Amino acid sequence: MFFDVSARRYSAGAGVVLISPERQVLSFSFVLGETCSNNAAEYQVLIVDLEMALDMKILQLEIYGDSKLIINQLLGSYKVKKEYLLPYHQYPSCLLERYDQVFLNHVPREENRKADALANLATTMALGENESTKVYVCHRWVIPRLLDLQINESHHTFV
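Residues numbered from 1 in each chain as written. Predicted model: local features only at pLDDT ≥ 70, side-chain atom pairs only at ≥ 80, totals over all residues. Heavy atoms only, no water.

S.K.: Help me understand the overall build of the protein in this model?
M.R.: The number of helices and strands found in the protein is five helices and five strands. Mapped in sequence order, the helices and strands of the protein form the string β-β-β-α-β-α-α-β-α-α. A buried classification covers 33% of the 159 residues belonging to the protein. Surface summary for the protein: the accessible area is close to 11,100 Å², and the carbon and sulfur share equals 53%. (Helix = DSSP H or I, 4+ residues; strand = E, 2+ residues; numbered from the N terminus. Buried < 20%, exposed > 50% of the residue type's maximum accessible area, 1.4 Å probe, protein only. Areas by Shrake-Rupley, 256 points an atom, 1.4 Å probe, with all protein chains shown as cover.)

Okay, structure coming up:
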């Protein structure tokens, strides 16, 4: 599971990419309902991810995030110094105990591009509280069609 957030002045979005052992990919974007610090938003998206995986009965999880602070706080390498982050740290710590096996990994931002794009999408769309939408990302290439059209037109004689 890859996760990321996009926190801006008036909105925050979260992106999640779940990849199954069979290489099936599930992508999610969430609008976070309240504005908060970037670190609080990172914890919130991780909480949503952990709850979602538990709901799906996934009990073995590899987690990848580009927030060095959040990953290292959960690993116990860093202390939680900001008091307002304590509840954000405690809740996912309890959720992690419900898994059979969890690996927490910090990844560079470049390796977290899909989750980052989904987080930015959620922030940009800024849907209301009870709104949702489906966004389909399709692979398309239009230039060959334009070239075919030009070739066909060049074979016609106009009088």
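Read on, since the account is not over.
S.K.: How should I be thinking about the packing of aromatic side chains in this particular structure?
M.R.: By convention here, two paired aromatic rings are described through the distance between centres and the angle between planes. In the structure shown here, the tally under the stated rule is two aromatic pairs. Plain terms: the ring middles of Phe-28 and Phe-30 are 6.2 Å apart, the flat faces sit at 15 degrees to each other, and that makes the pair stacked. Owing to a relative accessible area of 24%, Phe-28 belongs among the partly exposed residues under this scheme. Overall, Phe-30 belongs to the partly exposed group, its relative accessible area being 25%. (Phe/Tyr/Trp six-rings, centres within 6.5 Å; stacked < 30°, edge-to-face > 60°.)

S.K.: How should helix H4 (residues 113-125) be read in this particular structure?
M.R.: Three or four residues apart is the spacing at which side chains of an α-helix point the same way, because the helix has 3.6 residues per turn. Taking 1.5 Å per residue as the helical rise, H4 with its 13 residues ought to reach 18 Å, and the 18 Å between its terminal C-alpha atoms agrees with that figure. For H4, every residue scored as buried is listed here: Ala-115, Leu-118, Ala-119, Ala-122 and Thr-123. All buried residues of H4 fall inside an arc of 135 degrees around its axis, so they share one side. Facing away from the buried side of H4 by more than 90 degrees, the exposed set consists of Arg-113, Lys-114 and Thr-124. (Expected span 1.5 Å × (residues − 1). Arc of directions from axis to C-beta.)

S.K.: In this structure, what is going on with the side chain of Asp-49? I would like to understand it.
M.R.: Positionally, Asp-49 belongs in helix H1 (residues 38-55). Despite being buried, Asp-49 has no salt bridge partner; Arg-98 is the closest side chain of opposite charge, sitting 14 Å away. Discounting residues that sit within four places of it in the chain, Asp-49 has contacts with Met-1, Phe-3 and Val-16. (Lys, Arg positive; Asp, Glu negative; His and termini not counted. Salt bridge = Lys/Arg side-chain N within 4 Å of Asp/Glu carboxyl O. Contact = heavy atoms within 4.5 Å.)

S.K.: Sorry, what's going on with helix H3 (residues 86-96) here?
M.R.: Those residues of H3 not exposed but buried are His-89, Pro-92, Leu-95 and Leu-96. What you see down the axis of H3 is that its buried residues fit within an arc of 130 degrees, all on one side. Of the surrounding secondary structure, the elements contacted by the buried residues of H3 are H1, strand E4 (60-65), helix H2 (68-75) and strand E5 (101-106).

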